[in-house]
Amino acid sequence: SCSAFVLFLDRSASAFVRLLSAMRHFQFFQHAYPHGVATLQYPQGAVTQHSLGFVRPAPALGVGSVGSIQPVQRQAIVAAGPQNLATTPRQQAPSIQHSLCKAGNPVRSSTVRTAKDPQPVPEEALKLLKLGNARYVAGTPQAVSTDAGMRKALFDHGQAPYAAIVGCADSRCPVDTVFDARPGDLFVLRNAGNTCTHAEGSIVGSLEFCVAHLKSSLILVMGHTKCGAIHAATKAYLDGQEGVDAAPASSALEGLLSGLGSVAHQAASDLDKSANAQAIAEHAIEVNVFNTINFLLQFSQVIRAKVQHGEVQIHGGIYDLETGAVRFLGRSPKEAAFLSSQMGMPPTMSGASGNGLLMRGMHGVRTAADCSVNPKDALKLLQAGNQRFASGSPLAGRTNLNMRKALVDFGQAPHATIIGCADSRCPIESIFDAMPGELFVLRNAGNTCTHAEGSMVGSLEFSIGPLKSKLILVLGHTKCGAVHGATKMYLDTKRSTERGSALEALLHDLGCVAQDAEAQLGRGASADEIAERAIKVNVFHTMNFLLKFSKIVREKVRDGEIELHGGIYDLTTGCVEFLGQSPLQAEVLESRTCLPPSIAVASGNVSRGMHGIRTSADEIVLPADAMRLLKEGNERFAVGQPMTGKVDSSMRRALVEHGQAPHTAVVGCADSRVPIDTIFDAMPGELFVLRNAGNTCTHAEGSIAGSLEFCVGALKTRLIFVLGHTKCGAVAGATQAFLSGMKK
């Protein structure tokens, strides 16, 4: 009987197939598919083609039914690659169409899904996918044929796919076959790399149609092993990391691979530094799946709402080309975070539709006629703009005469102020895809306040004051030449203080961030590692400087009116890593300094006295105020902005005529490396200094005590400060002598 032949064919080798081929009058022959092999029944005498022991039907006979692929065949396909599939031998014995489904199988054999059928809940839809893939792997597919009645039902009643699949266009990954699905079961979207990069409008819009109108309850983003697009993108990324200059994209394919560079970057960051290109690329396949899921959640209000209400679930999966099995990854680990997104549509569509979430303003650009943007929304605008820039889908730059006129007529109202590096590779407006009027940008080499604190702080106070900006972002970047140069100078000449040019002075004074970075990493860190850490240290250093030396910035941050954040721009991926607020913000907010060092003295705000210098004609300084003066002076010394030395004859005459009135008495060490007045950036008349080896009263108690009594009595000084120092020779010598005596 026919059924007997079915069983026999399932268990036979290719020898029997050759026998059938020779018997031209027999009614069975083998039909080869790109996605499998099946046996069809045709009239006697059908024309066949022979290839390596099996029979292929002539093209005129049309399409047959889906069959199965065995492991040996999958291995051949994996080894050959998609470009050679047309000539890959199929060495498998044919599988024969089964006419009956097993009891309880959710995929029906006699009907197809239409809009008349109820939709399964997400969990049931996921189970259908898993069962279908299990049948595919086992070589027992059941979605093997359709007939005129099924096709008519689909035509008459419409589709009702239970799941939408975003898959790769790779010919080795036939989505319907992998899940043993019939027409009407799956809504399938495919492109190279199963990504939204450069196709976000099409992918997201199609999925919104599927979940909103077709009522599908499950979205599966499916990557696959040996993905050519991801492997090529990873290679391009790693070549760039090794200094291989990447030529500008000259084709859509090159643009696609460039857009996937952020996936390779994240994969490399996740793995140990010893990971090779193959390992990074394979991990990038999984990273890319979740990247696509996160994109859908971030840029589709329709999908987010469905997920939030439990009507839809989005899962990830990876299809193994060799085994045929799909590894189901579950939901995105970042789903909860992306569900809070406010973006209603993908980047390339939002500008074209006038989406208000871009907050371009009533005139198409932001002006003073528009409402201010709160700090959190301003940060979201920066993040969304950088996402558009990194994905290669910017919207800015489309300005016209009316927009420019509005900026002139109504004035500016930037939603954020950026302190960035002057490096030509870091165009701030481009990085955040910003229109004119949106960002107030300050730039210098090293995004620092060193040697420019007055200009930087004053400019920032203007932006958050009259212009009402609510967010300040200090932005560093990878491979920063200024910070790398400062690190090299610090490591080469730690004790050098010579500065022969303005550049050398800038690099020298950035040495403190290199020193902090080295201390954080510990011994053994390379120069490059220290420099890259110093980039982040420098961002926080600048943030702390702004809080410490600007009363206006401090008060607005303390009141929650503005926020101060840090970030690092990655030159390779185009992505900004947002660092958040300074870890020391709460501490620095306690500062009472009102002006940057270079402005304070020039404006008479350092308590120098009525004659420009402290004398007995000035009021007594209380202990708390004296301590503040010491701290502020040391800060100026430490950041390389001392203000002393500017003493004229009138100041010296005032000291002679009125006498001294030091606000502090300091007991310090006689070590030549510890010049007390210099350390506290003190003018003559401010400090009463006593020094000896070891800053001690031992063998000098009468002198020290008597001098201090004179100072606090006759001179009315209210603060005594005892100052030691690191690497003190006197204390080190005493310690050695003590230890030697203990041994004796």
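Conventions adopted
- Counting restarts for each chain, with residues numbered from 1 along the sequence as it is written.
- This being a predicted model, a pLDDT of at least 70 is required before a residue's local features are given, and a value of 80 or more before pairs of side-chain atoms are given or counted; all residues contribute to the totals for chains, interfaces and linings.
- Only hydrogens and water are set aside; all other atoms, that is, all heavy atoms of the structure, feed into the side-chain values.
- Only C-alpha atoms enter the line fits that serve as axes; for helices the fit covers just the stretch in contact. Angles between N-to-C directions range over 0 to 180 degrees.
- Helical segments are the DSSP runs of H or I of at least four residues, strand segments are the runs of E of at least two, and each set is numbered from the N terminus.
- Angle categories are assigned with fixed cut-offs, so that under 35 degrees is roughly parallel, over 145 is roughly antiparallel, 65 to 115 is roughly perpendicular, and the rest are oblique.
- We call a crossing left-handed when the near helix sits turned anticlockwise from the far one by less than a right angle, and right-handed when that turn is clockwise.
- When checking whether two residues touch, look at their non-hydrogen atoms; a contact exists if any pair is within 4.5 Å.
- Residues are grouped as follows: Ala, Val, Leu, Ile, Met, Phe, Trp, Tyr, Cys and Pro are nonpolar; Asp, Glu, Lys and Arg are charged; all remaining types, including Gly, are polar.
- Here, a salt bridge means any side-chain nitrogen of Lys or Arg that lies within 4 Å of a carboxyl oxygen of Asp or Glu.
- A 1.4 Å probe rolled over the protein chains alone gives each residue an accessible area, and that area as a share of the maximum for its type sets the label: buried under 20%, exposed over 50%, partly exposed in between.
- A pair of strands is labelled paired if DSSP reports no fewer than 2 bridges between them.
- We define a polar contact as two N or O atoms separated by no more than 3.5 Å, with the added condition that, inside protein, one atom must be a possible hydrogen donor and the other a possible acceptor, whereas residues neighbouring each other in sequence contribute only through side-chain atom pairs.
- How sure the predictor is of each residue is captured by pLDDT, a score from 0 to 100.
- Within this scheme, the nonpolar core is defined by two criteria: the residues are buried Ala, Val, Leu, Ile, Met, Phe, Trp, Tyr or Cys, and they are joined through side-chain atoms within 4.5 Å.
- Classification of ring pairs rests on two measures: the distance between centres of Phe, Tyr or Trp rings, Trp counted by its six-membered ring, which must be within 6.5 Å, and the angle between planes, read as stacked under 30 degrees, edge-to-face over 60 and tilted in between.

With their axes 9 Å apart at the nearest point, helix α8 (residues 228-241) and helix α11 (residues 277-299) run at an angle of 120° to one another. Considering their axes alone, α8 and α11 lie oblique with respect to each other. Read as a crossing pair, α8 and α11 show a hand that is right-handed. Between α8 and α11, the residues in contact are I230, H231, T234 and L238 and A277, Q278, I280, A281, E282, A284, I285 and N288, respectively. Grouping the amino acids of the contact of α8 with α11 by side-chain chemistry returns seven nonpolar, four polar and one charged.

Turning next to the pattern of salt bridges. Across all of its chains, the model carries 18 salt bridges by this definition. For the salt bridge of E311 with K306, the shortest nitrogen-to-oxygen distance reads 3.0 Å. Judged by its relative accessible area of 40%, E311 falls in the partly exposed class. With its nearest N and O atoms 3.1 Å apart, the salt bridge here joins E635 to K548. Of this pair, E635 sits in helix α26 (residues 623-638) while K548 sits in helix α22 (residues 527-549), and the two are 87 residues apart along the sequence. K548 gets classed as partly exposed once you look at its relative accessible area, which sits at 27%. One connected set of salt bridges, linked through shared partners, spans K470, K556 and E561.

Let us now look at the sheet that holds strand β14 (residues 563-569). Reading across the sheet, the five strands line up as β12-β11-β13-β14-β15 and stay open at both edges, with mixed pairing between neighbours. Looking at strand neighbours, the two that pair on one side only are β12 (439-444) and β15 (576-580), the edges of this open sheet. Neighbour-to-neighbour, the strand axes of this sheet turn through a mean angle of 25°, independent of strand direction. Here β14 runs beside β15; their pairing, made up of four bridges, is antiparallel. Its bridge partner being in β15, G567 is matched across the sheet by F578. The strands that α22 touches are β11 (416-421), β13 (471-477), β14 and β15; relative to β14, the one it contacts most, it runs at about 160°.

Structurally, Q313 can be placed in strand β9 (residues 313-319). The exposure class assigned to Q313 is buried, which follows from its relative accessible area of 9%. A polar contact is formed between the side chain of Q313 and the side chain of H315, at a distance of 2.8 Å. Setting aside residues up to four positions removed in sequence, Q313 forms contacts with P122, E123, S217, L218, I219 and R331.

Our focus in this paragraph is the environment of M643. Inspection of the secondary structure puts M643 in the loop between α26 and α27 (649-658). A relative accessible area of 8% places M643 in the buried class. For the pair M643 and G633, spaced ten residues apart in sequence, the C-alpha to C-alpha distance is 8.7 Å.

Right, let's talk about the confidence of the model for the chain for a bit. When pLDDT drops low, the exact placement of atoms in the prediction is not to be read closely. Residues with a pLDDT of 70 or more make up 73% of the chain, whose mean pLDDT is 78. Counted against residues more than four places away or in other chains, residues 1-67, with its pLDDT under 50, gives 118 contacts. Here residues 82-110 scores under 50 on pLDDT; set against residues more than four positions off or in separate chains, the count is 67 contacts.

Strand order in the open sheet formed by five strands is β7-β6-β8-β9-β10, and the pairing between neighbours is mixed. Both edges of this open sheet fall to β7 (186-191) and β10 (326-330), since each of them pairs with a single strand only. With strand direction ignored, the average angle separating the axes of adjacent strands in the sheet is 25°. Relative to β7, strand β6 (residues 163-168) is paired through six bridges, and the arrangement is parallel. What sits directly across from I165, in β7, is V188.

Looking now at the nonpolar core. Grouped together as the largest cluster of nonpolar side chains are 44 residues, with contacts concentrated most on L207, I219, L296 and I303. Take this core: its biggest share by element is eleven residues, from α11. If we ignore the near neighbours within four places in the chain, the residues touching L296 are C196, I203, V204, L207, I219, V221 and I303. Counting residues in hydrophobic clusters, the runner-up holds 36 residues, among them F440, I472, M543 and I562.

Positioned with a positive phi, K226 is a non-glycine residue whose angle comes to about 55°. Judged by its relative accessible area of 42%, K226 falls in the partly exposed class. In this structure, N695 takes a positive phi of about 35° despite not being glycine. Take N695: its relative accessible area is 17%, and that puts it in the buried class.

Attention shifts here to the packing of aromatic side chains. Summed over the entire model, instances satisfying the criterion amount to eight aromatic pairs. Plain terms: the ring middles of F295 and F299 are 4.7 Å apart, the flat faces sit at 45° to each other, and that makes the pair tilted. Here F295 and its partner F299 are both found in helix α11, four residues apart, which amounts to about one turn of the helix. Each member of the pair, F295 as well as F299, is classed as buried. Ring centres of F432 and F578 lie 6.5 Å apart, and the angle between their planes is 50°; on these two criteria the pair is classed as tilted. Of this pair, F432 sits in the loop between α17 (428-431) and β12 while F578 is found in strand β15, placing the two residues 146 residues apart along the sequence.

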